[in-house]
Each structure stands twice: as C-alpha cells, then as structure tokens.
Amino acid sequence: MNPKPNQNPEQIARDSIDKQLVQAGWLVLSKNEVNLSAGKGIAVREYQTSSGPADYVLFVDRKPVGIIEAKREEEGERLTLAEGQSSEYATSKLKYLDHGNLPFVYESTGTLTRFTDYRDPKPRSRPVFHFHKPETFAEWLDQSKSLRGRLKDFPNMDEYSLRPAQISAIRNLETSFKDNRPKALIQMATGAGKTFTACTFIYRLLKFANSKRILFLVDTKNLGEQAEQEFLKYQPNDDNRKFTELYNVQRLSSSYIASDAQVCISTIQRLYAILQGKELEESAEEENPNESGWTYSRLLPGKEPLPVGYNLKNPIEQFDFIIIDECHRSIYNLWKQVLDYYDAFLVGLTATPDKRTFGFFNENVVSEYTYEESVLDGVNVPYDVFTIETEITKSGSVIKAKEFVDRREKLTRKKRWEQLEEDLEYKPSQLDRNIVNPSQIRTVIRAFREALPTIFPDRFDEGGEFEVPKTLIFAKTDSHADDIIQIVREEFNEGNDFCKKITYKIEDDPKSVLNRFRNSWAPRIAVTVDMIATGTDVKPLEVLLFLRDVKSTNYFEQMKGRGTRTIKFDDLLKVTRTAKHTKTHFVIVDAIGAIKSKKTDSRPLERKPSVPLKDLLGAVKMGAQDEDLFLSLANRLLRLEKELSEPEKEKFSELANGKSLQTVIKNLLNAYNPDIIESIESEVKEKMKGQAPFDICNTIEGKVDELRVEASKVFTGELTDYVEKVRKVHDQVIDHINTDRVLKAEWDTFSKVKGEQVVKEFAEYILTHKDEILALSIFYDQPFRRRELTLKMIKDLLEQLKLDRPLLAPSYVWEAYQQLDQVKENSPKSELIALVSLVRKVGGIDAQLTPYDRTVNQHFQKWIFQQNAGQHNRFTEEQVEWLRMIKDHIASSFHIDIEDLDYTPFDGKGGRGMMWNLFGTEMDSIIEELNKELTA
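Residues numbered from 1 in each chain as written. Predicted model: local features only at pLDDT ≥ 70, side-chain atom pairs only at ≥ 80, totals over all residues. Heavy atoms only, no water.

Quick look at the sheet that holds strand β1 (residues 27–29)
Think of a sheet as strands paired side by side through backbone hydrogen bonds, with each pair either parallel or antiparallel. Taking strand neighbours across the sheet as the criterion, the seven strands line up as β1-β2-β3-β4-β5-β6-β7 in an open arrangement whose pairing is mixed. Each edge of the sheet is formed by a strand with only one pairing partner; in this case those strands are β1 and β7 (126–128). Neighbour-to-neighbour, the strand axes of this sheet turn through a mean angle of 30°, independent of strand direction. As paired strands, strand β6 (residues 113–117) and β7 are joined by three bridges and run antiparallel to one another. Within β7, the residue paired with Thr113 across the bridge is Val128. (Pairing = 2+ DSSP bridges. Helix = DSSP H or I, 4+ residues; strand = E, 2+ residues; numbered from the N terminus. Axes fitted to C-alpha atoms, helices over the stretch in contact; angles between N-to-C directions.)

What follows is the structure, given as structure tokens:
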C-alpha cells in the first residue's frame, strides 16, 4: 500500500500497523468509536491510561490484554529503547477499567515489530514477522502458564533405549528451551539417530510442555516420507502406545493443514508455496532445492526473491517449534523467509554443519557428535579408501582429425557417424558430459571387479564363487549412469537385476528399487545421480564407488554417510550370504580423485550469476514472479523456439493447455509490460471512481497479480520437464579410438595410518583388561596355565570385546595387520580362532601374527616328531589318527577334557572307551600333554 500524500513518518507507521492488525483479524477503532462487542479482537487507538495515551490498547472478548507502542520506521534500530515506555503503559490503569497488568506488549514501526509476553519467566522481547491473532491471545490466557513457563517444568527423562549422544542432545536442548534460546543446533553424525532423537524430544514437548503444534521441516519428499515412518513406529518409554496413537501426525501433500494436527511434516518448498497462497505440485518436492541456483538469495542479479507475506490461514503462531532436518541446506535466503515468518523456536538437525549454519543458530550448539566419535562408540563404522587411477581419468585424451566418431544425442541416445575435421582434445572434466570414452568407464569397472577379492577376501562361497558386496556408484548424469550400468552388467557377466539405476527419472518405481537394494539379494550394485546422496538408510552398503567428483564438503560428507550405517549380522546375512561377521567398516573406491580433490564450504549462493534454464523453469513452477525471471525465461524460450521442430512445438502447446510457445512467451513479457499495467490501472480507476483509494489500489494489485499468475501457471512439472528434455537434445562425442589403462589400483595410504591406529587400540584394550578377563589373565600368566583355557572363556572374551569396543572385531583388526603387511593370510573364518591368534600376537606369545589353528598344527608336528624320534615310532597309525582328532579339537576349542570324547567326532570312533583301548593308562597323561604342548 502506497503512503498517502503529506503523511508524516508516524502516520505512515500507524497506517502500516493498522493494515497488519486487520490482516490478523483485529478490528481497529479510534477512542471515540469504541465498541468492544464489535468483534473478538479490538485494537483501540490513543486509549487513555494513567501514564498518558497508549498508541494502541488490545482487547479480546471485551477485556484488555495488550499494548502496542508505535514508532516511526527510522526508529527501528532503537526499538528496544521503547520497551520501557510500552511496559509502563502495560502496567498502568486504563481509563474507566479495573484490571491487572496487560501481558502482551508490542513495539512496532510497521516494518519491524518486537513482542514480549510478560507472563514468561524473565520476560524477553523477540522480533516477530507480524501481529498475533486475537484468538491466540484468548487461548494463551486460558493456560495457567505461558509456553516458556511450561518449558521450565520438564520432568527427568527415561533414558532407556537412548544412546549417550541422544541423551546429551535432548538434555542440552531442553536446557536451551528453559533458557529461552530461540534457536538450537543438533549436530549428530549420519546414522547416529537424529530423527529418533527428534521424535523423543517432540514427544516430550507435546506431553510435558503442552505444545500445540510442531513442524518437522524437510527439503525433499523422500525425507518427509522417512520422517513419517519414524513417527509411525516410534513408541515412547513411558507409554505402551505408538506415537501416532497419542498424537496426530500429518504429512502435507496440499496447502491444507489440519486444525487437529499436532505434528506436521512438510517440505520447505511446500510451506513457501502455502505462505504465498499457492498450490504446489508434488514434483517440486522431489529434487533437493539445494542443487538449484534459482532457490537462493537472488534469482537473478540485482533482484530479491519473491517475499513471504502474511497469511491469515497460516498465522505466525501456527507452530510452537520448527525442527529443520538437514538444516545446513534449508536455512538460507529464499527459505530463510519461511523460518523468519513463524514465531517459533527453531531446532536444526544436521550431520554436516558449516560456519553459516553455526551462525544462523546463534552458535547455540546443544549437541556436537562427530562421525569420529560415533565410530568410537560403535554407532557407525569407519571406512577405508581404495584408489583406482587410469590414464584418461587423469589426463584426458585427443581424437585426431579425420577419425570417424559416433555422435550421440543425450536424450534419445541416437547415434550417427561423423568424421572430425580437426583434432578434438578433451580434458578429464569433459568426460561423460560432452565426451564419452567407454574404455575409460570399462577400465575403471574392470579394475574394480578385479580388486574386489582383495578388498573383501572372505566373500567366497563354498563353491569358490565371489559374492559382490552391496555397492553404490555415484554417477555424474543420467546418461553417465546408463553407460555405467551397461558396462557393469557386461564386466560382471550378470543380468539386469544385478545392477540398477536409482534416481528420480527412472521408469521403474524408485522406492521399490531402493527397497530391493536394501532388503533383497539383488540388485548388488546400484547407480545413482542424486536420489540417495543423503537421508536414505541402506545399512547393508559396504562399498561406495565414486565416478563423480564433489566440490562441496558437506555434500561429500553426506554421500560418504550412505556407507556408515551399522547392521546386525543376521540382517546382513539376509542380503549378503557369504558375510562371515557383522559389518565392521565400509570401503570407498575412489576412481576420480574425490577424496583428495579440493573441497569448499561455500554454498551454491556463490556460484556464477548466470542461471540455467532448468532453474528458471523451476522458479516459475514454484510460483516465483520476479520481473527479470520472467524476462530471462522469455528470452531463453525465444531462442529455443527457433530450434524446435514443428512436432516439438505441437507437443509444447499440448502440455501448455493449448497455448502456443509464442503465446506463452508473449504472456511472460506482458506480465511486466508498463503499457499493459498502465491500461489495467486506468480501467480499474474508471470502474471504481469514487471508491476508497485503498480498495482501488488493492484491486489493481490483484489484476496485475492475475496477469502474472496466468503467465506462469502453464509451467507445470510436465511442461518444464519437457522443455528441459528438448533443450538437452545435444550431441556427445563417443571416443571409441583411445583405450584407457590402469595406472594404479591400491589401498590408499590413509588406510595404513588407520591400520596402525586399529592395531594400537586393540593392543591397548587387551593390556588394559588383562587382569580382569579370565582368558586374558591366563594368556598373560605362566605358559603352563594356557592349558586351562576353555571355549567358554574365549567366547566370553569375544562377547566382552563386542560389548566394549564393537569396532575392534577380530576380522577388522586382522585386516589392519594385513594393511601394515604384518600378515599375508586372510582372517580365519572363525572369529574365536582369529581372536586367540591376535591375543597371542599382542601378548608376545607369537612373534608373527599366525592363524591359531596353524600354530596348533605346527606344535603338533613338532610334538609327534619328538615322540617318534625318541621312541622309534611310538604311536601306531590308528593312535596317530586319534591324536590328530584331538589336535583339531584343540585348534577349534582351545582345550580338551575327557568328557569331550563322548561327543562328535570322537563318539563316532568309539568315544573314550576306544581311546582307553588304544592308549590304556597313558590316556590321561596324553590329553594333559597335548593341552600343554599345543597351546604353548
């Protein structure tokens, strides 16, 4: 609304305040026309108090409840100085009335508004986007305490089933609430249970703080569905009912927010559209907006994004708390407006905060649980790096002039032959974008396939077949992904189900493919461009193959996070049949230098100002109506119009509700055409002659808005996808001439350092517990005591190790020794045998790490030789067979007793009776001697 002529700054501010009060449902009256029965909420200007006239006194249900102290806009930077004046009015007596202090107090310039609820403990003013509704004040006054007062009353938490990091996060968050800190950040490593933590404190906010409604905010539909599943299965410790039996949870799929919904799950895109008063297509929620240039502070150079305006259906007090998932992506610029709109506590959840994230949340970090800490706690697994480097990946190549090459259309993949007129030199960065070298992809995949038995040496089945661990390949584009899939199937000699693409653009339902990847044997390898870079739980994943570099530190950490999840051994066996133990680590196979490439914390905000067509289309689809956005899109479509064939133009028209491409372009240009807008103004003024200027102004704004909505509404998801696809019909050169070769395929040196760390940690654990765990005390006692070791003692040691330090699994420690070249053999299949071997090495019993069963064999050979040499073949062939059975038993069970002879395999050979027949009175002494000599 434009100011009236000759108004002073104070009058301009009050007109703006009047307008906002009316928008929020208040009836604004002068002191001379007071009618407290005219509505639920009445705002009376210049009401007389014992301290002088208050700018506005607010009445709800005929009772005074609040004060507004109005200041001119120039006073915004000093608005807190007005708090003394507004407080004085709130504690004064109103003329004609007998009342207590008024609890709700504003200071406002009409542009900036601060609010204080004087019922709060230690009342503190806070900025608010708008005024609250009168119904809200009525509701608040019915409560014995304010929300911030109720937050002081949290009872102690039942910590059962919560991890220490989760307990710490919730305790610190509740302390932050009690201290009235408006923002808080929970930094918790991927896989550490951020959403479960959120479900727990949301439950406590609803139950113990009587919160009215809480928003769980995500930035993709996929994350919203996952969050909904978490709430559906969450059951609090102090109630035998599920969360959704106690509280209503609504995942928004339209602009409707149910009045009885206590938890709302929404994408930030949808909430932005709701506050704009527009519907949003579900397709706009599928892509992470973090990847789109148009979503940031300036859609185009010099222009601000379409601002959020007040929406009575969705007032600022609609939510008490907003939980922002993956908040490192969702708190900036365009989206920040959504968060600034609501008068709510903000809680951020992320595994990968950056400096701006800390800044946004006022450096109030209530939980700082890093990936490294989660690994030490056994919540997540660590990773090793295997590097594959090829000549063309490293240096690119040259296709000489006169060579014939394939040119392939990206979209249709249709090929044609063409002879090059000059040399075509390409860099590694061009690979799989405008140049495709199938040999480069094949060389990497073949090197990966050949390295797998080295990376996972224990994954052979009984028939000698190698089982490929669950692998996720990160590709650059959809076209690149298709090339990879074809080559993977060929190189591994497998069918379609073995390798699948998981992305939003596949014909197959992406969720069903993802579920099969997570829960079934096939596919073994999945290729993705964007879909499961973050927020998707695939616990059996053991390999991440990077064929795409990532420059963003946060995005790279999120991608790595796909492999960190722990999984129960029984669950891993369901999808990976040859697994010998639970998942102890995952492997990054880096085929593009992603680990070592320079990373930055900068966000897409700092990208070059040129905005891709895809992002312009996305902006319009989301409801943005910026002038330069419309003009730029019109200009791009004009260029595209010259390239389209007639059938393609007809298809465009069909998807644009019958409008031709030229008509769509014309409507975009007319939406900000000064002549068109001037004619609308003239027409409205003529029709509404004599009516209030405010009404005329609103009508003109409405007509112009209709013009812009009409120009943008044709850009549905279907049309924007089509335009993007048509634009992509450019050629890729297929280089079949230059063949690639492997430069190196080896463990990264980083793994050597990690190997040293694991070996050191294992040794420290064994030495620390050598006096308290019976098996260890025997190992570290006199050698003769080792004959006392039993299978149960070793099992107890293994269970204690798993309980204390789950990541020091014997097989993983063994692999660490392998990386340090201190052992050549693979880890024994039996974890117990591997454990005893490792303890003997750490304890100094064996100079070299040797599988314990081999050590027993060596000791047996030595003992037999001594017996036969000293007594001229002391034992018969039948006796030696029995001695070998005893040796095998000791190798696997660490000790033998007379009673063991009654069981397999001895009972099949006659049991202890047969041994007595063979050895007579020597039987006991031989058993004792073998226990001693073989375990030495």
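The rest of the description comes next.
Comments concerning the pattern of salt bridges
Counting across every chain of the model gives 46 salt bridges. The closest approach of N and O atoms between Arg241 and Asp239, which form a salt bridge, is 2.9 Å. Note on Arg241: relative accessible area 38%, which makes it partly exposed. On the basis of relative accessibility, which here comes to 16%, the residue Asp239 falls in the buried class. As a salt-bridge pair, Glu391 and Arg741 come within 3.2 Å of each other at their nearest N and O atoms. Of this pair, Glu391 sits in helix α14 (residues 391–395) while Arg741 sits in the loop between β26 (731–734) and β27 (742–747); the two residues are 350 residues apart in sequence, bridging distant segments of the chain. What you see here is one network of salt bridges that share partners, running through Arg442, Arg446, Arg449, Glu450, Glu490 and Glu491. (Salt bridge = Lys/Arg side-chain N within 4 Å of Asp/Glu carboxyl O. Buried < 20%, exposed > 50% of the residue type's maximum accessible area, 1.4 Å probe, protein only.)

Overview of helix α34 (residues 911–919)
Inspection of α34 places Gly911, Met915, Leu918 and Phe919 among the buried residues, and these make up the whole buried set. Projected down its long axis, α34 shows its buried positions confined to an angular sector of 75°, all on one face. Just downstream of α34, Gly920 is the residue with a positive phi angle, here 60°. (Arc of directions from axis to C-beta.)

Quick word on the pairing of strand β5 (residues 104–108)
Most of β5 sits inside the fold, with five of its five residues counted as buried. What you see with β5 is no split at all: Phe104, Tyr106 and Ser108 on one side and Val105 and Glu107 on the other are buried throughout. Note: strand β4 (residues 63–70) against β5, five bridges, orientation parallel. From the neighbouring strand, Ile67 faces β5, where its bridge partner is Val105.

Remarks on the nonpolar core
Counting residues in each nonpolar core, the largest one holds 59 residues, and the members touching the most others are Phe762, Ile794, Leu883, Met915, Phe919 and Leu930. Looking at this core, the element that brings in the most residues is helix α31 (residues 831–842), giving eight residues. Beyond its immediate stretch of four places on either side in the chain, Phe762 contacts Leu801, Leu808, Val813, Leu835, Leu838, Val839 and Val842. Phe137, Leu252, Tyr310 and Cys327 belong to the second largest nonpolar core, which has 53 residues in total. (Core = buried A, V, L, I, M, F, W, Y, C linked by side-chain atoms within 4.5 Å. Contact = heavy atoms within 4.5 Å.)

What to know about the state of the cysteines
Scanning the entire structure with this criterion turns up zero disulfides. Free of any disulfide, Cys199 has its nearest neighbouring cysteine sulfur in Cys264, separated by 14 Å. (Disulfide = S-S within 2.5 Å.)

Details of the confidence of the model for the chain
Here the chain averages 86 in pLDDT, and 90% of its residues register 70 or above. Every residue in residues 293–304 is under pLDDT 50, and counting partners more than four places away or in other chains gives 40 contacts. Confidence drops under pLDDT 50 across residues 602–610; counting only partners more than four residues distant or on other chains, this segment forms 16 contacts. (pLDDT = per-residue confidence, 0-100.)

As for a negative patch on the surface
Taken together, the side chains of Glu368, Glu372, Glu373 and Asp377 make up a negatively charged region of the molecular surface. Tracing the backbone through its elements, the reader meets Glu372 in helix α13 (residues 371–376). You can call Glu372 exposed: its relative accessible area is 53%. (Patch = residues over 30% accessible without salt bridge, like charges linked within 9 Å, V, L, I, M, F, W, Y side chains within 5 Å. Areas by Shrake-Rupley, 256 points an atom, 1.4 Å probe, with all protein chains shown as cover. Lys, Arg positive; Asp, Glu negative; His and termini not counted. Charge placed at Lys NZ, Arg CZ, Asp CG, Glu CD.)

Overview of the pairing of strand β15 (residues 383–390)
Burial runs high along β15: seven of the eight residues are buried. With five bridges connecting them, β15 and strand β25 (residues 586–590) associate as parallel partners. Pairing of Thr387 across the sheet is with Asp590, part of β25. Sheet analysis places β15 next to β27, joined by five bridges and oriented antiparallel. Its bridge partner being in β27, Phe386 is matched across the sheet by Trp747.

Topic: the side chain of Ser125
Looking at the element boundaries, Ser125 is found in the loop between β6 and β7. In this structure the side chain of Ser125 is engaged in a polar contact, spanning 2.6 Å, whose partner is the side chain of Glu83. Engagement of the side chain of Ser125 in a polar contact is seen with the side chain of Arg114, the distance being 3.1 Å. If sequence neighbours within four positions are ignored, Ser125 has contacts with Glu83, Arg114, Phe115 and Thr116. (Polar contact = N/O pair within 3.5 Å; in protein donor to acceptor, adjacent residues only side chain to side chain.)

Quick look at the environment of Ala43
Mapped onto the fold, Ala43 is located in strand β2 (residues 41–49). Judged by its relative accessible area of 0%, Ala43 is buried. For Ala43 and Asn380, which are 337 residues apart along the polypeptide, the C-alpha to C-alpha distance reads 57 Å. In contact with Ala43, other than residues within four places in its own chain, are Leu21, Trp26, Leu27, Val28, Leu29, Tyr56, Val57 and Leu58.

So, the packing of helix α15 (residues 438–455) against helix α16 (residues 478–491)
Put simply, α15 and α16 touch, their axes get as near as 10 Å, and they point 50° apart. Taken together, the axes of α15 and α16 lie oblique to each other. Considering how the two elements wind past one another, α15 and α16 form a crossing that is right-handed. Judged by residue contacts, Pro438, Ile441, Arg442, Ile445, Arg446 and Arg449 of α15 engage His480, Asp483, Ile484, Ile487, Val488, Glu490 and Glu491 from α16. For the contact of α15 with α16, the per-class residue count stands at six nonpolar, one polar and six charged. (Parallel < 35°, antiparallel > 145°, perpendicular 65-115°, else oblique. Left-handed = near helix turned anticlockwise from the far one by under 90°. Nonpolar A, V, L, I, M, F, W, Y, C, P; charged D, E, K, R; others polar.)

Describing the sheet that holds strand β9 (residues 214–218)
Across the sheet, which stays open at both edges, the seven strands sit in the order β10-β11-β9-β12-β13-β8-β14 with parallel pairing between neighbours. The two strands at the open ends of the sheet, each matched to only one other strand, are β10 (249–251) and β14 (365–369). Strand-to-strand twist of the sheet, defined as the mean angle between neighbouring strand axes without regard to direction, takes the value 15°. Bridge count for β9 against strand β11 (residues 263–267) is five bridges, and the pairing is parallel. When the sheet's bridge partners are listed, Val218 is paired in β11 with Thr267. Sheet strands in contact with helix α5 (residues 164–178) are β8 (183–188), β12 (321–325), β13 (345–350) and β14, and its direction is about 175° off that of β8.

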